[in-house]
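Fold and geometry: a report
Read off the chains here:
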Amino acid sequence: MTSRILILHTGGTIGMVPSDQGYVPAAGFRDRLLAQLPTSATAQLPAFEFLDLEPLIDSSNLVPADWHRIAQALISRWQDYSGFILLHGTDTMAYTASALSFMLQGCNKPVVVTGSQIPLSQLRNDALDNLITSLLLASRTDLNEVVICFNGRILRGNRARKVSSAHLAAFDSPNFPWLGEAGIDIALKPELLLPAGKAEFALPDAQVPTFDADAVALLQFYPGISASVMSALTEREGLKGLILLSYGAGNPPEATPGLIEALEKAAARGITLLNLTQCQQGAVSQGTYATGATLNRIGVIPGSDLTPEAAFAKLHVLLGKGLSGEALHEALRQPLCGESH
Ligand code: ASP
(Lines give C-alpha, C1' and ligand atoms only; values in the text may rest on other atoms or scores of the structure.)
Protein backbone atom coordinates (compact mmCIF):
# COMPACT_ATOMS: atom_id res chain seq x y z
CA MET A 1 0.00 0.00 0.00
CA THR A 2 1.35 3.45 -0.83
CA SER A 3 1.45 5.82 2.13
CA ARG A 4 -1.97 7.13 3.00
CA ILE A 5 -2.39 8.60 6.44
CA LEU A 6 -5.55 9.29 8.40
CA ILE A 7 -5.38 12.32 10.70
CA LEU A 8 -7.97 11.91 13.42
CA HIS A 9 -8.67 15.17 15.23
CA THR A 10 -10.02 14.66 18.76
CA GLY A 11 -9.56 18.22 20.02
CA GLY A 12 -6.85 19.76 22.19
CA THR A 13 -4.84 22.96 21.89
CA ILE A 14 -3.47 22.07 18.45
CA GLY A 15 -6.85 22.68 16.83
CA MET A 16 -8.20 25.34 19.20
CA VAL A 17 -9.17 28.91 18.42
CA PRO A 18 -9.35 31.88 20.81
CA SER A 19 -12.70 32.74 22.42
CA ASP A 20 -13.86 35.12 25.18
CA GLN A 21 -13.27 32.31 27.67
CA GLY A 22 -9.85 31.32 26.34
CA TYR A 23 -8.93 28.64 23.78
CA VAL A 24 -11.74 26.28 22.75
CA PRO A 25 -11.78 23.26 20.39
CA ALA A 26 -13.01 24.11 16.88
CA ALA A 27 -13.79 22.24 13.68
CA GLY A 28 -12.09 23.39 10.47
CA PHE A 29 -8.56 22.29 11.37
CA ARG A 30 -8.09 20.83 7.91
CA ASP A 31 -8.75 24.16 6.20
CA ARG A 32 -6.50 26.03 8.63
CA LEU A 33 -3.76 23.51 7.96
CA LEU A 34 -4.05 23.62 4.19
CA ALA A 35 -4.03 27.42 4.30
CA GLN A 36 -0.62 27.27 5.99
CA LEU A 37 0.88 24.56 3.79
CA PRO A 38 2.04 25.68 0.35
CA THR A 39 1.21 23.20 -2.44
CA SER A 40 4.94 22.58 -2.86
CA ALA A 41 5.06 21.39 0.78
CA THR A 42 2.03 19.10 0.52
CA ALA A 43 3.65 17.48 -2.53
CA GLN A 44 6.54 16.37 -0.29
CA LEU A 45 4.25 14.87 2.31
CA PRO A 46 2.49 11.51 2.23
CA ALA A 47 -1.14 11.67 1.15
CA PHE A 48 -3.42 12.33 4.10
CA GLU A 49 -7.07 12.50 4.88
CA PHE A 50 -8.72 14.18 7.76
CA LEU A 51 -11.47 13.28 10.20
CA ASP A 52 -12.92 15.34 13.08
CA LEU A 53 -14.05 13.06 15.89
CA GLU A 54 -17.27 14.59 17.19
CA PRO A 55 -17.50 16.05 19.75
CA LEU A 56 -14.07 17.69 19.80
CA ILE A 57 -12.90 18.00 23.39
CA ASP A 58 -10.38 19.73 25.57
CA SER A 59 -8.58 16.60 26.69
CA SER A 60 -8.79 17.62 30.34
CA ASN A 61 -12.44 16.55 29.95
CA LEU A 62 -11.50 13.13 28.59
CA VAL A 63 -13.16 10.09 30.17
CA PRO A 64 -12.26 6.44 29.56
CA ALA A 65 -15.31 6.04 27.28
CA ASP A 66 -13.56 8.42 24.86
CA TRP A 67 -10.86 5.78 24.38
CA HIS A 68 -13.55 3.47 23.05
CA ARG A 69 -14.67 6.15 20.57
CA ILE A 70 -11.10 6.82 19.44
CA ALA A 71 -10.13 3.15 19.13
CA GLN A 72 -13.28 2.35 17.21
CA ALA A 73 -12.65 5.21 14.79
CA LEU A 74 -9.16 3.84 14.13
CA ILE A 75 -10.05 0.17 13.99
CA SER A 76 -13.00 0.57 11.67
CA ARG A 77 -10.62 2.26 9.18
CA TRP A 78 -7.56 0.16 9.94
CA GLN A 79 -7.26 -1.51 6.52
CA ASP A 80 -7.77 1.73 4.57
CA TYR A 81 -4.63 3.56 5.70
CA SER A 82 -0.93 2.81 6.11
CA GLY A 83 -0.61 4.93 9.24
CA PHE A 84 -2.60 7.05 11.65
CA ILE A 85 -2.14 10.37 13.42
CA LEU A 86 -4.17 11.27 16.45
CA LEU A 87 -4.41 14.99 17.20
CA HIS A 88 -5.04 15.15 20.93
CA GLY A 89 -4.81 17.60 23.82
CA THR A 90 -1.60 17.39 25.78
CA ASP A 91 -3.22 17.18 29.23
CA THR A 92 -4.28 13.54 28.96
CA MET A 93 -2.28 12.57 25.88
CA ALA A 94 -0.11 10.11 27.82
CA TYR A 95 -3.22 8.34 29.15
CA THR A 96 -4.74 8.00 25.69
CA ALA A 97 -1.49 6.91 24.04
CA SER A 98 -1.15 4.25 26.75
CA ALA A 99 -4.74 3.05 26.40
CA LEU A 100 -4.38 2.79 22.62
CA SER A 101 -1.13 0.85 22.96
CA PHE A 102 -2.93 -1.82 24.99
CA MET A 103 -5.96 -1.88 22.71
CA LEU A 104 -3.83 -2.08 19.55
CA GLN A 105 -1.32 -4.53 21.02
CA GLY A 106 0.42 -6.47 18.23
CA CYS A 107 -0.49 -3.94 15.55
CA ASN A 108 1.32 -3.61 12.25
CA LYS A 109 1.13 0.13 11.54
CA PRO A 110 2.26 3.38 13.16
CA VAL A 111 -0.16 5.32 15.32
CA VAL A 112 1.40 8.72 16.03
CA VAL A 113 -0.17 10.81 18.76
CA THR A 114 0.62 14.51 18.68
CA GLY A 115 -0.70 17.92 19.67
CA SER A 116 0.86 21.23 20.54
CA GLN A 117 1.36 23.78 23.27
CA ILE A 118 0.31 26.67 20.99
CA PRO A 119 -2.62 26.27 18.56
CA LEU A 120 -2.14 26.17 14.81
CA SER A 121 -4.45 29.21 14.70
CA GLN A 122 -1.68 31.34 16.27
CA LEU A 123 1.12 32.92 14.24
CA ARG A 124 3.87 31.48 16.43
CA ASN A 125 3.05 27.84 17.07
CA ASP A 126 4.53 24.39 17.52
CA ALA A 127 1.54 22.75 15.85
CA LEU A 128 2.74 22.78 12.26
CA ASP A 129 6.14 21.33 13.05
CA ASN A 130 4.71 18.59 15.29
CA LEU A 131 2.19 17.67 12.62
CA ILE A 132 4.65 17.60 9.71
CA THR A 133 7.07 15.42 11.67
CA SER A 134 4.18 13.16 12.67
CA LEU A 135 3.09 12.80 9.04
CA LEU A 136 6.58 11.72 8.00
CA LEU A 137 6.75 9.35 10.95
CA ALA A 138 3.34 7.84 10.26
CA SER A 139 4.47 6.91 6.76
CA ARG A 140 7.37 4.77 8.05
CA THR A 141 7.04 1.05 7.57
CA ASP A 142 9.45 0.21 10.41
CA LEU A 143 7.18 1.62 13.11
CA ASN A 144 4.46 -0.67 14.40
CA GLU A 145 3.31 0.86 17.64
CA VAL A 146 1.69 3.81 19.32
CA VAL A 147 4.12 6.69 19.81
CA ILE A 148 3.96 10.28 20.95
CA CYS A 149 5.77 12.66 18.61
CA PHE A 150 6.29 16.05 20.20
CA ASN A 151 8.92 18.75 19.78
CA GLY A 152 11.22 16.37 17.91
CA ARG A 153 10.99 13.60 20.50
CA ILE A 154 9.62 10.23 19.49
CA LEU A 155 8.48 8.41 22.60
CA ARG A 156 6.82 5.07 23.25
CA GLY A 157 3.22 6.04 23.99
CA ASN A 158 2.93 3.97 27.14
CA ARG A 159 6.24 5.29 28.52
CA ALA A 160 5.55 8.98 27.94
CA ARG A 161 4.54 11.62 30.45
CA LYS A 162 3.64 15.27 30.17
CA VAL A 163 6.53 16.89 32.01
CA SER A 164 6.04 20.58 31.33
CA SER A 165 3.04 22.87 31.18
CA ALA A 166 5.09 25.67 29.66
CA HIS A 167 7.90 24.33 27.50
CA LEU A 168 7.41 23.23 23.93
CA ALA A 169 9.28 20.07 24.95
CA ALA A 170 6.20 19.05 26.91
CA PHE A 171 6.76 15.27 26.90
CA ASP A 172 9.49 12.97 28.01
CA SER A 173 9.98 9.32 28.75
CA PRO A 174 11.65 9.40 32.15
CA ASN A 175 12.05 5.65 32.53
CA PHE A 176 12.79 4.54 28.98
CA PRO A 177 15.01 5.91 26.19
CA TRP A 178 13.40 7.95 23.41
CA LEU A 179 12.54 5.71 20.46
CA GLY A 180 14.00 8.33 18.19
CA GLU A 181 14.49 11.96 17.47
CA ALA A 182 13.59 14.34 14.68
CA GLY A 183 16.70 16.39 14.14
CA ILE A 184 18.11 17.03 10.69
CA ASP A 185 16.88 13.52 9.93
CA ILE A 186 14.12 11.57 11.60
CA ALA A 187 16.12 8.84 13.28
CA LEU A 188 14.54 5.87 15.01
CA LYS A 189 16.48 3.42 17.16
CA PRO A 190 15.57 0.04 15.62
CA GLU A 191 16.73 -1.93 18.65
CA LEU A 192 14.09 -0.22 20.81
CA LEU A 193 11.09 -0.63 18.51
CA LEU A 194 8.40 -3.25 19.01
CA PRO A 195 8.38 -5.99 16.37
CA ALA A 196 5.83 -5.73 13.58
CA GLY A 197 2.54 -7.39 14.37
CA LYS A 198 0.58 -9.56 12.00
CA ALA A 199 -0.16 -8.08 8.57
CA GLU A 200 -3.77 -9.09 9.01
CA PHE A 201 -3.98 -7.28 12.35
CA ALA A 202 -7.43 -5.88 12.85
CA LEU A 203 -9.59 -5.93 15.89
CA PRO A 204 -13.28 -6.39 15.15
CA ASP A 205 -15.24 -3.33 16.36
CA ALA A 206 -17.09 -5.62 18.72
CA GLN A 207 -13.86 -6.39 20.57
CA VAL A 208 -12.92 -2.80 21.34
CA PRO A 209 -13.16 -2.72 25.15
CA THR A 210 -15.87 -0.70 26.82
CA PHE A 211 -14.88 1.29 29.86
CA ASP A 212 -16.45 1.85 33.23
CA ALA A 213 -15.09 5.08 34.72
CA ASP A 214 -15.81 3.92 38.28
CA ALA A 215 -13.76 0.75 37.95
CA VAL A 216 -10.28 2.22 38.43
CA ALA A 217 -8.94 4.83 40.85
CA LEU A 218 -5.53 6.17 41.70
CA LEU A 219 -4.34 7.38 45.09
CA GLN A 220 -1.05 9.00 45.97
CA PHE A 221 0.20 8.44 49.51
CA TYR A 222 1.13 11.62 51.35
CA PRO A 223 2.42 12.26 54.85
CA GLY A 224 -0.54 12.04 57.22
CA ILE A 225 -2.94 10.15 54.93
CA SER A 226 -5.57 8.46 57.10
CA ALA A 227 -7.29 5.09 56.90
CA SER A 228 -10.60 6.90 56.37
CA VAL A 229 -9.32 8.53 53.17
CA MET A 230 -8.26 5.10 51.93
CA SER A 231 -11.57 3.45 52.93
CA ALA A 232 -13.59 6.20 51.26
CA LEU A 233 -12.04 5.04 48.01
CA THR A 234 -11.82 1.30 48.53
CA GLU A 235 -15.40 1.03 49.78
CA ARG A 236 -16.78 2.94 46.82
CA GLU A 237 -19.39 1.11 44.76
CA GLY A 238 -18.00 -0.25 41.48
CA LEU A 239 -14.29 -0.05 42.26
CA LYS A 240 -12.38 -2.99 40.76
CA GLY A 241 -8.80 -1.77 40.74
CA LEU A 242 -6.83 0.76 42.76
CA ILE A 243 -3.42 2.12 41.83
CA LEU A 244 -1.32 3.19 44.79
CA LEU A 245 1.43 5.75 44.30
CA SER A 246 3.75 4.90 47.13
CA TYR A 247 7.06 6.35 48.22
CA GLY A 248 10.46 5.47 46.75
CA ALA A 249 10.95 1.77 46.17
CA GLY A 250 7.27 1.09 46.83
CA ASN A 251 6.80 1.94 50.48
CA PRO A 252 3.45 2.82 52.07
CA PRO A 253 3.08 4.64 55.41
CA GLU A 254 2.29 1.32 57.07
CA ALA A 255 2.41 2.72 60.62
CA THR A 256 -0.77 4.72 59.90
CA PRO A 257 -3.47 3.12 62.07
CA GLY A 258 -5.95 1.11 59.99
CA LEU A 259 -4.40 1.92 56.60
CA ILE A 260 -3.02 -1.52 55.80
CA GLU A 261 -6.19 -3.12 57.19
CA ALA A 262 -8.25 -1.01 54.76
CA LEU A 263 -6.11 -2.32 51.89
CA GLU A 264 -6.33 -5.87 53.21
CA LYS A 265 -10.12 -5.66 53.30
CA ALA A 266 -10.19 -4.26 49.77
CA ALA A 267 -7.99 -7.12 48.52
CA ALA A 268 -10.25 -9.63 50.29
CA ARG A 269 -13.25 -8.11 48.47
CA GLY A 270 -11.50 -8.79 45.15
CA ILE A 271 -10.22 -5.29 44.42
CA THR A 272 -6.96 -5.43 42.49
CA LEU A 273 -4.25 -3.31 44.10
CA LEU A 274 -1.30 -2.18 41.99
CA ASN A 275 1.67 -0.43 43.56
CA LEU A 276 3.75 2.20 41.73
CA THR A 277 6.41 4.61 42.87
CA GLN A 278 5.88 8.37 43.06
CA CYS A 279 9.43 8.75 41.74
CA GLN A 280 9.88 9.83 38.13
CA GLN A 281 12.52 7.16 37.62
CA GLY A 282 13.15 3.66 38.86
CA ALA A 283 10.92 0.73 39.66
CA VAL A 284 8.99 -0.62 42.61
CA SER A 285 10.93 -3.15 44.60
CA GLN A 286 8.31 -4.22 47.13
CA GLY A 287 10.10 -5.82 50.03
CA THR A 288 13.39 -3.98 50.02
CA TYR A 289 12.05 -2.35 53.18
CA ALA A 290 9.77 -3.89 55.78
CA THR A 291 7.15 -1.22 54.99
CA GLY A 292 6.93 -2.44 51.40
CA ALA A 293 7.02 -6.11 52.37
CA THR A 294 3.67 -5.58 54.10
CA LEU A 295 2.16 -5.00 50.66
CA ASN A 296 3.53 -8.34 49.41
CA ARG A 297 1.85 -10.05 52.34
CA ILE A 298 -1.58 -8.72 51.45
CA GLY A 299 -1.28 -9.42 47.72
CA VAL A 300 -0.60 -5.96 46.29
CA ILE A 301 0.91 -6.31 42.81
CA PRO A 302 4.23 -4.51 42.33
CA GLY A 303 3.91 -2.33 39.23
CA SER A 304 7.56 -2.39 38.17
CA ASP A 305 8.46 0.90 36.44
CA LEU A 306 5.05 1.63 34.92
CA THR A 307 4.08 5.28 34.65
CA PRO A 308 0.84 6.14 36.49
CA GLU A 309 -0.77 6.91 33.12
CA ALA A 310 0.21 3.54 31.64
CA ALA A 311 -0.84 1.65 34.78
CA PHE A 312 -4.21 3.40 34.83
CA ALA A 313 -4.83 2.69 31.15
CA LYS A 314 -3.58 -0.91 31.39
CA LEU A 315 -5.87 -1.71 34.29
CA HIS A 316 -8.81 -0.11 32.51
CA VAL A 317 -8.18 -1.92 29.22
CA LEU A 318 -7.69 -5.32 30.89
CA LEU A 319 -10.88 -4.86 32.93
CA GLY A 320 -12.64 -3.62 29.80
CA LYS A 321 -11.61 -6.83 28.05
CA GLY A 322 -13.27 -8.77 30.84
CA LEU A 323 -10.18 -10.01 32.70
CA SER A 324 -10.49 -10.63 36.42
CA GLY A 325 -8.87 -12.57 39.26
CA GLU A 326 -5.61 -14.38 38.59
CA ALA A 327 -5.72 -13.75 34.80
CA LEU A 328 -5.90 -10.00 35.48
CA HIS A 329 -3.09 -10.13 38.02
CA GLU A 330 -0.91 -12.20 35.69
CA ALA A 331 -1.41 -9.70 32.83
CA LEU A 332 -0.57 -6.81 35.17
CA ARG A 333 2.66 -8.45 36.28
CA GLN A 334 4.11 -8.73 32.78
CA PRO A 335 4.91 -6.21 30.05
CA LEU A 336 2.38 -6.52 27.22
CA CYS A 337 3.73 -3.97 24.76
CA GLY A 338 6.89 -2.42 26.13
CA GLU A 339 5.24 -0.50 28.96
CA SER A 340 7.54 -1.82 31.71
CA HIS A 341 10.71 -3.83 32.27
N1 ASP B 1 -6.19 21.59 27.83
C2 ASP B 1 -5.60 21.24 26.55
C3 ASP B 1 -5.98 19.81 26.25
O4 ASP B 1 -5.43 18.93 26.82
C5 ASP B 1 -4.13 21.40 26.62
C6 ASP B 1 -3.38 21.06 25.36
O7 ASP B 1 -3.87 20.48 24.43
O8 ASP B 1 -2.18 21.37 25.30
O9 ASP B 1 -6.85 19.58 25.43
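Residues numbered from 1 in each chain as written. Predicted model: local features only at pLDDT ≥ 70, side-chain atom pairs only at ≥ 80, totals over all residues. Heavy atoms only, no water.

A few words now on the pairing of strand E15 (residues 272–277). The element E15 is extensively covered by neighbouring structure, given that six of its six residues are classed as buried. Of the two faces of E15, the one holding Thr 272, Leu 274 and Leu 276 and the one holding Leu 273, Asn 275 and Thr 277 are both buried throughout. Bridge analysis of strand E14 (residues 241–246) against E15 gives six bridges, and the strand direction is parallel. Across the sheet, residue Gly 241 finds its bridge partner in E15, namely Thr 272. Following the chain from E14 across helix H7 (residues 259–268) to the adjacent parallel E15, one finds a crossover that is right-handed. Summarising the sheet, E15 and strand E16 (residues 301–302) pair through two bridges and their orientation is parallel. Looking at E16, one finds that Asn 275 is bridged to Pro 302. Between the parallel elements E15 and E16, the chain passes through helix H8 (residues 290–297) in a crossover that is right-handed. (Buried < 20%, exposed > 50% of the residue type's maximum accessible area, 1.4 Å probe, protein only. Helix = DSSP H or I, 4+ residues; strand = E, 2+ residues; numbered from the N terminus. Pairing = 2+ DSSP bridges. Right-handed = clockwise from strand over helix to strand, strands pointing away.)

This next bit is on the site of the ligand. Within the structure, the ligand sits among Gly 12, Thr 13, Met 16, Asp 58, Ser 59, Gly 89, Thr 90, Asp 91, Ser 116 and Gln 117. Separating an oxygen atom of the ligand from a backbone N or O atom of Thr 13 is a distance of 2.9 Å. Within the side chain of Ser 59, one N or O atom sits 2.5 Å away from an oxygen atom of the ligand. For the ligand, the protein covers 90% of the area, taking 270 Å² as the surface of the free molecule. Along the lines of polarity and charge, the residues of the shell around the ligand split into one nonpolar, seven polar and two charged. (Near = heavy atom within 4 Å. Polar contact = N/O pair within 3.5 Å; in protein donor to acceptor, adjacent residues only side chain to side chain. Areas by Shrake-Rupley, 256 points an atom, 1.4 Å probe, with all protein chains shown as cover. Nonpolar A, V, L, I, M, F, W, Y, C, P; charged D, E, K, R; others polar.)

Attention now moves to helix H3 (residues 64–75). Given a rise of 1.5 Å per residue, twelve residues ought to cover 16 Å, and the 17 Å separating the end C-alpha atoms of H3 matches this to within 8%. For H3, the tally of buried residues reaches nine of twelve residues, placing the bulk of the element in the interior. Regarding H3, the residues found buried are Pro 64, Asp 66, Trp 67, His 68, Ile 70, Ala 71, Ala 73, Leu 74 and Ile 75. For H3, the secondary structure elements touched by its buried residues are strand E1 (4–11), strand E4 (47–57), strand E5 (83–87), helix H4 (93–103), strand E6 (111–114) and helix H9 (308–320). (Expected span 1.5 Å × (residues − 1). Contact = heavy atoms within 4.5 Å.)

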